[in-house]
Structures are given as structure tokens and as C-alpha cells.
Amino acid sequence: MREVRLFENHSEREQMENLSELFAVLNALEHLEKMYSRDHVTADDYKTECFKLIDQYKVTMRLVHGATSIEEFAKKYRLHCPAAIERIREGRPITVKDDQGNALKHIASIVEQFITNLDALRLNTRAVDDLYPGLDDLYNAINTTSRVPIDAVVSTKVKKWHDRLSSMAASDEISDDEARQMAFDIESAYQAFNKALNEMKN
């Protein structure tokens, strides 16, 4: 039997992986909505996972070339996910009222910035002029928040790499070892941020 190739080059392979990731995120969000509606998951767990999936959708959607809308994507790939589409349209879990406003938007923005930076490193982005803008956005978002408690681990680890990259030339690149350490530090900061949010809820 002849092997069927889904891609011919690195760019096509990356696009296929991004499409698969987007499909998986939407499918997971659809199942989460069903599980919550059937009381198979607590309200707190639902809210945490829902925010996470919505943020992952935003990041992944930006990486997919040619996807104009979530409805068109679902139709093209025969994915039945009306509940997921509704969550994405509203941009928040069904349990969260819109009147919580700016604090929730700011939290969602910080989470999105964390995911964006981690994804860039996992995609082997090494150039300073590609990494610094996203890291600068994360650094500024963390330092301008007042309603969300920021753990010292979060600000220290993000500041470490913000200072490091800001001292380098735009044409410079970080090494693979530096990228590995940066990903570890950013992931640690992200986990500390999530821990602070959970403690704030309790």
C-alpha cells in the first residue's frame, strides 16, 4: 500500500500540527461543556479549564494560516462543537458573569501571554527580535496588575529574561541551552501565577 503524505515540507508540517492542535482544543472544550452540564466536573475546575482552553484557542488560531473563522474551521473539518463555539464567542466560562470585567480580562491576557511565550520557545524561536516583544508584553502585564496577586517567583523569573533579552542586539539569538532554561523559568512562573489565582479563589 502506498504511503499518503500529509505534508511536503517543514512549513506544511507545521501547519498540519497547528490544525491538529486547534481541532483538539475545540474538541476538548466541547467535551468540557458537556461534562459540566451533566455535573461531572465542579464549577471551579470547569472555570479553570475553560479559561485555559479559550486561551489556547486564541494562541493556536493565530498560528493557523487561512482560518478566517472558527465556524468555517469546524465546518471544513466536520467538527460538531456548538457549545465550544459559544464559549469562544463569549470569551469566558458560562459560570463567569461579564460584570467582573477588567480583572478577568487582565488575568486572561496574562495567561495568553504566558502561553504565547512558551509556544514560541517550543517552536524553536531563538532570535531576540522575535522573542522580546512577547516577553515585554508579559512583563508589562504582570507589572501593571493590581487586582491579581503576583508571586515573587513570577515577577523575578520573567524579569530575569526580560533584562537578559533587552541587553542583547535584535539580530542576536539565544542558544538551545538558554532557550531550555528560559522555557523552564517561564513555565515555573506560569505555574506560580496559576497557584496564586487558585489561592485567591479559596
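Residues numbered from 1 in each chain as written. Predicted model: local features only at pLDDT ≥ 70, side-chain atom pairs only at ≥ 80, totals over all residues. Heavy atoms only, no water.

Going by what an unreviewed UniProt entry lists, the protein is known as Vacuolar protein sorting-associated protein 28 homolog and is assigned to Caenorhabditis tropicalis. Regarding the protein, the relevant UniProt record gives this comment under Subunit (unreviewed entry): "Component of the ESCRT-I complex (endosomal sorting complex required for transport I)." The record held by UniProt for the protein lists under Subcellular location (unreviewed entry) the comment "Endosome". (UniProt positions renumbered as here; feature names shortened; annotations may be inferred.)

This paragraph deals with the overall build of the protein. Along its length, the protein carries eight helices and zero strands. Starting at the N terminus and walking to the C terminus, you meet the elements of the protein as α-α-α-α-α-α-α-α. With 202 residues in all, the protein has 38% of them scored as buried. In the protein, once contacts between residues fewer than 6 apart in sequence are set aside, the share between residues at least 24 apart is 75%. Carbon and sulfur atoms make up 49% of the accessible area of the protein, which amounts to about 12200 Å² in all. (Helix = DSSP H or I, 4+ residues; strand = E, 2+ residues; numbered from the N terminus. Buried < 20%, exposed > 50% of the residue type's maximum accessible area, 1.4 Å probe, protein only. Contact = heavy atoms within 4.5 Å. Areas by Shrake-Rupley, 256 points an atom, 1.4 Å probe, with all protein chains shown as cover.)

Turning our attention to the packing of aromatic side chains. Tallied over the entire structure, the rule returns four aromatic pairs. By the ring-pair criterion, three or more aromatic residues cluster together here, those being Phe114, Tyr190 and Phe193. (Phe/Tyr/Trp six-rings, centres within 6.5 Å; stacked < 30°, edge-to-face > 60°.)

With that out of the way, let us pick up the pattern of salt bridges. Taken as a whole, this structure holds twelve salt bridges when the rule is applied. When the shortest N-O distance is used, the salt bridge between glutamate 33 and arginine 87 registers 3.2 Å. Taken as a pair, glutamate 33 in helix α1 (residues 10-37) and arginine 87 in helix α4 (residues 82-90) lie far apart in primary sequence, 54 residues in all. Comparing glutamate 33 with arginine 87, the two get one shared label, buried. Across the salt bridge formed by arginine 122 and glutamate 187, the nearest N and O atoms sit 3.3 Å from each other. Of this pair, arginine 122 sits in helix α5 (residues 101-122) while glutamate 187 is found in helix α8 (residues 176-201), placing the two residues 65 residues apart along the sequence. Assessed through its relative accessible area of 55%, arginine 122 is described here as exposed. On the basis of relative accessibility, which here comes to 24%, the residue glutamate 187 falls in the partly exposed class. Salt bridges here are not isolated pairs; linked through shared partners, they connect Glu33, Arg87 and Glu90. (Salt bridge = Lys/Arg side-chain N within 4 Å of Asp/Glu carboxyl O.)

Turning our eyes to something else, we now look at the nonpolar core. By size, the foremost hydrophobic cluster in this structure holds 29 residues, and its most contacted members are Phe114, Leu135, Val158, Met182 and Phe193. Counting residues per element, the ones that place at least two in this core are α5, α6 (128-144), α7 (152-166) and α8. Judged by nonpolar contacts, the second largest core, of 22 residues, contains Val25, Val41, Cys50 and Leu53. (Core = buried A, V, L, I, M, F, W, Y, C linked by side-chain atoms within 4.5 Å.)

For the rest of this paragraph, the subject is a negative patch on the surface. On the surface, Asp129, Asp130, Asp172 and Glu173 cluster together to form a negatively charged patch. For aspartate 172, the location among the structural elements is in the loop between α7 and α8. Note on aspartate 172: relative accessible area 31%, which makes it partly exposed. (Patch = residues over 30% accessible without salt bridge, like charges linked within 9 Å, V, L, I, M, F, W, Y side chains within 5 Å. Lys, Arg positive; Asp, Glu negative; His and termini not counted. Charge placed at Lys NZ, Arg CZ, Asp CG, Glu CD.)

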